[in-house]
Each structure stands twice: as structure tokens, then as C-alpha cells.
Amino acid sequence: MKIAIIGAGNLGLSIAKGILNNKGRNQLYLTKRNPTELYSFEKYGNVIITSDNREAVKKSDILIFAVQPSQLETILENIKDLLTAKHVIISTITGFSIARIEAIVGAKHNIIRSMPNTAISVGKSMTCICANEKGKKRIDLAKSIFNRMGHSLEIPEEQMQAATVICASGIAFWMRLIRATTQGAIQLGFDAQEAQELAMNTCNGAAELLIQSESHPEAEIDKVTTPKGCTIQGLNEMEHQGLSSSLIQGIVASFEKISAIKEQQL
């Protein structure tokens, strides 16, 4: 495959690392207005660094756009005459709808939206993907790319805002829960470094347990709660204090905010 990442900033470079570290036989174009800091990627081989988006588009099949939202329309206008039936357009830009992309380049192209989160930099992103009618035929290709950097899920476009809250904002929510667990461990006598190590790895283990077993969280909770035991005592106190309801309320509040922002943009 010949892949171009248009806009090799933080997210673009994280995607590039995921592709390159998978050791696939891909030719990769990385573009940036000032490409000086990208030249270290040439050590991977089959990586071409350029500031010329048109060159990258002409010589690539898959185009991953990772620019700022304010830049995408101008870039698409500049390269749309080069687009052919072979191209797969993958946008990672939050809030930039497929309809807006189609309005610029046309609905005849394979257009896919993806919403990765910051864990993509460590190969653990939860990436949601949707496509226009033409792009649905190439969505498995897009998923195969993002599955190299975590896990992907195809969803309807109307759920992309909700997915942004659960997956992108969700990173911050989980960080806050890990921080709270760390603070609790410090209060029980662990030093700060030990406390965070315990919290991080326990969180990681809980998630991996569900992924591997494909079971429901309550089924795993039942395995570690015993009658009159310390686990159920702690869980019940957390629920009395509103743990689940406050988390749900926070998720809904985030969704209402992102919805209000979208309304202002229309």
C-alpha cells in the first residue's frame, strides 16, 4: 500500500509510528509545511518526507488527513483535482462531517471518518470509523490500518459525537479514576510512585480481563465479592456516594457540550 499522512503533527506521527512499527511493506509519505523535524523517520525506509501535499496525493492510494479543522477545507480544495477512483480518503478531523468533505471533493470518492484517541501513540487507541456510501466498500481497509494501533469499531456517523465523548474524552475520565485510586492507595500507606503503579496496572488488568473473557463487568465483580467482604463494602459505599451516577452524568454533560458546539458551527 502507498499511504500519505497529510499533516504529520502529533496525531499524524502517532499513526505513522503505528504503521511503521507493524513492519508492513508500505510506502509512506509524511507531509508538513515545515518538514524538518520529520527527517528522522527516513531511517525506517520507504518513507518520503515532503511539504508538497499534491506530490503525496499523486503518489499514494490511501490519504489520511490529520490537520487542524480550519485547514482541511483549503487542503482538500488544493488537491481535489488529483483525486481518482483508487484513492481512499480517511479524515481524523473531529466535527468535520462526511457531507462537508463530499461538498468539496464530491460523493463519488471513498470517504471515511475515523475518531482515534490519544492512546494511539502507544498502540492502544479505541478508534471509531464511519464512511459514505462509496467508502463502505473500503472500510475494512481502514479498520485494518487502525487495528494496528489498537482496536476499531464501525459505527453510524450520527454516533460519532457520542463516540468522541466515550473514547476521546473518555481517556480523561479514566485518568481521573486512576488518579483517585492512586490517592486512595497513598492514604493507605503506599508512596506516590507505588500507588500509581498499583492503580495503573490494576486498571489495565481489569480492561484486559474483559477483553479476553468477553464477559460482563458484573460477572467479573461477582468473582471478587464475598458475603460481608471488604470488596462489596467498598463498592456499596462508592455507590452510596454516587460513583456510577456521577460518571454517567459527566458523560451526558460532555455530550451536551459537544452537541452545543456543533449547533454553533451550523
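Refer to the structure presented above.
Residues numbered from 1 in each chain as written. Predicted model: local features only at pLDDT ≥ 70, side-chain atom pairs only at ≥ 80, totals over all residues. Heavy atoms only, no water.

1. Focus: the sheet that holds strand E2 (residues 27-31)
Our working definition: Two strands form a pair only when DSSP identifies at least two bridges running between them. Put simply, DSSP H or I for four residues or longer makes a helix, DSSP E for two residues or longer makes a strand, and each gets a number counted from the N terminus. The axes are straight lines fitted to the C-alpha atoms, using for helices just the contacting stretch, and the angles between their N-to-C directions are given from 0 to 180°.
Ordered in space as E3-E2-E1-E4-E5-E6-E7-E8, the eight strands form an open sheet in which the pairing is mixed. Edge strands, defined here as strands with exactly one partner in the open sheet, are strand E3 (47-50) and strand E8 (150-154). Ignoring strand direction, the axes of neighbouring strands in this sheet form an average angle of 20 degrees. As defined by bridge partners, strand E1 (residues 2-6) adjoins strand E4 (residues 62-65) across four bridges and the pair is classed as parallel. Looking across to E4, one finds that Ala 4 is bridged to Leu 63.

2. Looking at the environment of Cys 167
We count it as follows: Only protein chains enter the area calculation, which uses a 1.4 Å probe; residues under 20% of their type maximum are buried, those over 50% are exposed, and those in between are partly exposed. The contact rule is simple, with two residues in contact once any of their heavy atoms fall within 4.5 Å.
With respect to the helices, strands and loops of the structure, Cys 167 is situated in helix H6 (residues 160-187). Look at Cys 167 and you get buried, because its relative accessible area is 11%. Taking C-alpha positions, Cys 167 is 9.3 Å from Thr 118, a pair spaced 49 residues apart along the chain. Excluding its chain neighbours within four sequence positions, the residues that come into contact with Cys 167 are Met 115, Asn 117, Met 126 and Cys 128.

3. Looking at unusual backbone geometry
The backbone phi angle of Glu 214 is positive, close to 55 degrees, even though this residue is not glycine. One non-glycine residue, Lys 228, adopts positive backbone phi at about 60 degrees. In this structure, Lys 228 sits in the loop between helix H8 (217-224) and helix H9 (230-240). For Lys 228, a relative accessible area of 87% corresponds to the exposed category.

4. A look at the packing of H6 against helix H7 (residues 192-213)
Quick note on the threshold: Here roughly perpendicular refers to angles of 65 to 115 degrees, roughly parallel to angles under 35, roughly antiparallel to angles over 145, and oblique to all remaining angles. For any helix crossing, the convention is left-handed if the near helix is rotated counterclockwise from the far helix by under a right angle, and right-handed if that rotation is clockwise. Under the scheme applied, nonpolar residues are Ala, Val, Leu, Ile, Met, Phe, Trp, Tyr, Cys and Pro; charged residues are Asp, Glu, Lys and Arg; polar residues are all the others, including Gly.
Axis separation between H6 and H7 bottoms out at 8 Å; the angle between their running directions is 135 degrees. Classified by the interaxial angle, the pair formed by H6 and H7 is oblique. Like other packed secondary-structure pairs, H6 and H7 cross with a definite hand, here right-handed. Mapping the contact onto sequence places Trp 174, Ile 178, Thr 181, Thr 182, Ala 185 and Ile 186 in H6 and Ala 192, Ala 195, Gln 196, Ala 199, Met 200 and Cys 203 in H7. Taken together, the residues that form the contact of H6 with H7 break down as nine nonpolar, three polar and no charged.

Just geometry here; none of it tells us what the structure is for.
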